[in-house]
Amino acid sequence: MILKQTIEKIAQEYLQGTELSLVEVTVSEENDIEVIITREGGVAIDDCVALSRHIESKLDRDKEDFSLMVGSAGI
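An account of the accompanying structure is given in this report. (Residues numbered from 1 in each chain as written. Predicted model: local features only at pLDDT ≥ 70, side-chain atom pairs only at ≥ 80, totals over all residues. Heavy atoms only, no water.)

**Thoughts on the nonpolar core**
With 19 residues, the main nonpolar core has Ile-7, Ile-33, Val-35, Ile-37 and Ile-55 as its most contacted residues. Of all elements in the fold, only helix H1 (4-15), strand S1 (21-27), strand S2 (32-38), helix H2 (45-58) and strand S3 (67-72) reach the threshold of two or more residues within this core. Here this core gets four residues from one element, more than from any other, and that element is H1. (Core = buried A, V, L, I, M, F, W, Y, C linked by side-chain atoms within 4.5 Å. Buried < 20%, exposed > 50% of the residue type's maximum accessible area, 1.4 Å probe, protein only. Helix = DSSP H or I, 4+ residues; strand = E, 2+ residues; numbered from the N terminus.)

**Digging into the side chain of Asp-47**
As for its placement among the helices and strands, Asp-47 is situated in helix H2. Relative accessible area serves as the criterion here: at 17%, Asp-47 is assigned to the buried category. Among the polar contacts made by the side chain of Asp-47, one reaches the side chain of Arg-39 at a distance of 2.3 Å. Once residues lying within four places of it in the same chain are set aside, the contact partners of Asp-47 are Leu-20, Ile-37 and Arg-39. (Polar contact = N/O pair within 3.5 Å; in protein donor to acceptor, adjacent residues only side chain to side chain. Contact = heavy atoms within 4.5 Å.)

**Quick notes on the environment of Arg-61**
Relative to the helices and strands, Arg-61 is located in the loop between H2 and S3. Only 3.5 Å separates the side chain of Arg-61 from the side chain of Asp-65, close enough to count as a polar contact. From its side chain, Arg-61 meets the backbone oxygen of Phe-66 in a polar contact 2.6 Å long.

**Some details on H1**
With twelve residues, H1 should reach 16 Å at 1.5 Å per residue; the first-to-last C-alpha distance of 16 Å fits that figure. Of all the positions in H1, only Ile-7, Ile-10, Ala-11 and Leu-15 are classed as buried. All buried residues of H1 project into a common sector of 130 degrees when viewed along the axis, lining one side. Turned more than 90 degrees off the buried face of H1, the exposed positions are Gln-5 and Lys-9. Looking at the buried positions of H1, the neighbouring elements they touch are S1, S2 and H2. Gly-17 sits one or two residues past H1 and shows a positive phi near 85 degrees. (Expected span 1.5 Å × (residues − 1). Arc of directions from axis to C-beta.)

This is the structure in structure tokens:
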């Protein structure tokens, strides 16, 4: 199982130095990962895509399969 703390660390690493903030990370027993981010003025879909790609690049699907959704409360 992928740990919530692992995803939080990867996300924070990416978000550091940006105007984006991590709101919530959830990881189910089936490795369904949901990451919610925010920014004053709103979050663009490109922000979600970029963070999703960053997280995926740090995880190994050969070790554990997972699904990943990155979004904002406004998307």
